[in-house]
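Commentary on secondary and tertiary structure
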Amino acid sequence: MAYFVETNSIVRKIWGKSDTVLLIFAGAASEFALNKAVDWLYFTGRLPTDPIGRLFSTVSYARKIIFAEKDSALKTIDAIRLIHSEVENKRGSTIPEWAYRDVLFMLIHYSISSYEALERRLSPEEKEDVYDVFFRVGERMKITELPRTYDAWLKAREQHLQKDLKKSEYSVDLYKQYKKHLGAFRFRVLVEGQVMVVPKKVKELLQLRKFSLLTPFLPFYKVSRILRLDDLIKALILPKKYQKEIREMDVVK
């Protein structure tokens, strides 16, 4: 059986644990807020009214691609492009190509930084594997000007960070919506998670500290996973509405 992502790929390990996926989600939430094309996400009204659900939807599509057979994954990618085309038609304008690249670049960056924050450093070969998977997603979506290698992507990623991010009224509003939908405590956990994985430019724009308050608790959390108490911890700090989806993320032990 042919899969879009090989069964021994590090990408399956990264996206097969809810811990890592939730940290990817936290990091992406920060860059969604800062992206200069965030007005496109406001156009349908879904993002401000349900920002957590909107981000879970993005994560869900990514996981459908990563764990699917090749033909099914390609259909999912085609469906994503079609959805965006329909939004473009309704607005009578085209989503900038750099905005598509930015979202793809987010998934690459946070896949690596989240796994490294929670598990271990990735080897150069594993980072190339991560990049190859998302490069193929981008190719299928007909996203232009994608770097061919991970090393080339690092330079492009830095250029995008410097050029495509800014703190705007959308940024401020979106963070207000995060806090409204999560509550003060869970919002604080979200922000501390972001501190662990976001790049320097994002920290500067959002005025985040360099050190996350979650970092000292990581050794205890890793012990809780061994004792299988991590589900209890996640149940306490994560919205009840999404706990079923969160449990279903754990496909790799």
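Parameters at a glance
Residues numbered from 1 in each chain as written. Predicted model: local features only at pLDDT ≥ 70, side-chain atom pairs only at ≥ 80, totals over all residues. Heavy atoms only, no water. Salt bridge = Lys/Arg side-chain N within 4 Å of Asp/Glu carboxyl O. Helix = DSSP H or I, 4+ residues; strand = E, 2+ residues; numbered from the N terminus. pLDDT = per-residue confidence, 0-100. Axes fitted to C-alpha atoms, helices over the stretch in contact; angles between N-to-C directions. Parallel < 35°, antiparallel > 145°, perpendicular 65-115°, else oblique. Left-handed = near helix turned anticlockwise from the far one by under 90°. Contact = heavy atoms within 4.5 Å. Nonpolar A, V, L, I, M, F, W, Y, C, P; charged D, E, K, R; others polar. Buried < 20%, exposed > 50% of the residue type's maximum accessible area, 1.4 Å probe, protein only. 1 Å grid on protein atoms, 1.4 Å probe; cavity = no way out; pocket = protein on both sides within 12 Å on 5 of 7 lines; lining within 4 Å. Points joined across faces, edges and corners; volume = space filled by probe spheres on them. Phe/Tyr/Trp six-rings, centres within 6.5 Å; stacked < 30°, edge-to-face > 60°. Lys NZ or Arg CZ within 6 Å of the ring centre and 35° of its normal.

**Some points on the pattern of salt bridges**
Considering all chains together, one arrives at twelve salt bridges under this definition. Among the ionic pairs, Lys17 bridges to Glu119, the shortest N-O distance being 3.5 Å. Placement of the pair is Lys17 in the loop between helix H1 (10-15) and helix H2 (18-34) and Glu119 in the loop between helix H7 (97-118) and helix H8 (124-140), with a sequence separation of 102 residues. Between Glu116 and Lys127 there is a salt bridge, and its shortest N-O distance comes to 3.9 Å.

**Some details on the confidence of the model for the chain**
Mean pLDDT over the chain: 88, with 95% of residues reaching 70 or higher. Taken element by element, the predicted model of the chain shows its lowest mean pLDDT in helix H4 (residues 46-49) (69) and its highest in H8 (97).

**Topic: the packing of helix H5 (residues 51-66) against helix H6 (residues 70-91)**
At a minimum axis distance of 8 Å, the contact between H5 and H6 shows a crossing angle of 150°. As judged from the angle between their axes, H5 and H6 are roughly antiparallel. Between H5 and H6 lies a crossing whose hand is left-handed. Between H5 and H6, the contacting residues are Tyr61, Lys64 and Ile65 on the first element and Ala73, Thr76, Ile77, Ile80 and Ile83 on the second. Each residue belonging to the contact of H5 with H6 can be placed in one class, and the counts come to six nonpolar, one polar and one charged.

**What about the side chain of His109?**
Among the secondary structure elements, His109 is positioned in helix H7. Look at His109 and you get buried, because its relative accessible area is 17%. Leave out the neighbours within four places in its chain, and His109 touches Trp153, Arg157, Val197, Val198 and Pro199.

**A short note on empty space enclosed by the protein**
A complete count under the given rule lists two cavities of 30 Å³ or more for this structure. Size it by volume and the largest cavity reaches roughly 50 Å³. Looking at the largest cavity, the residues that line it are Ile24, Phe25, Ala28, Leu55, Thr58, Val59 and Leu107. Those elements that provide at least two residues to the lining of the largest cavity are H2 and H5. Classifying every residue of the lining of the largest cavity by side-chain character gives six nonpolar, one polar and no charged. Of the volumes computed, that of the second largest cavity is approximately 30 Å³. Around the second largest cavity sit Glu31, Asn35, Asp102, Met106, Arg157, His160, Leu161, Asp164 and Leu165, which together line it. At the level of secondary structure, the elements contributing two or more residues to the lining of the second largest cavity comprise H7 and helix H9 (150-164).

**Some thoughts on the packing of aromatic side chains**
Inspection of the entire model under this criterion finds seven aromatic pairs. Note on Trp15 and Phe134: the rings are 6.4 Å apart at their centroids and 50° apart in plane angle, and the pair reads as tilted. Of this pair, Trp15 sits in helix H1 while Phe134 sits in helix H8, and the two are 119 residues apart along the sequence. A relative accessible area of 3% places Phe134 in the buried class. Where Tyr175 meets Tyr178, the ring centres are 5.2 Å apart and the plane angle is 70°; that geometry is what we call edge-to-face. Here Tyr175 and its partner Tyr178 are both found in helix H10 (residues 169-182), three residues apart, which amounts to about one turn of the helix. In this structure, Tyr175 and Tyr178 share a single accessibility class: buried. Here the aromatic cluster, defined as three or more aromatic residues joined through ring pairs, consists of Phe105, Tyr131, Phe135, Tyr150 and Trp153. Here Arg12 stacks its cationic end above the ring of Tyr3, 4.8 Å away from the centre of that ring. Across the ring face of Tyr100, the terminal group of Arg81 is positioned such that the distance to the ring centre comes to 4.2 Å.

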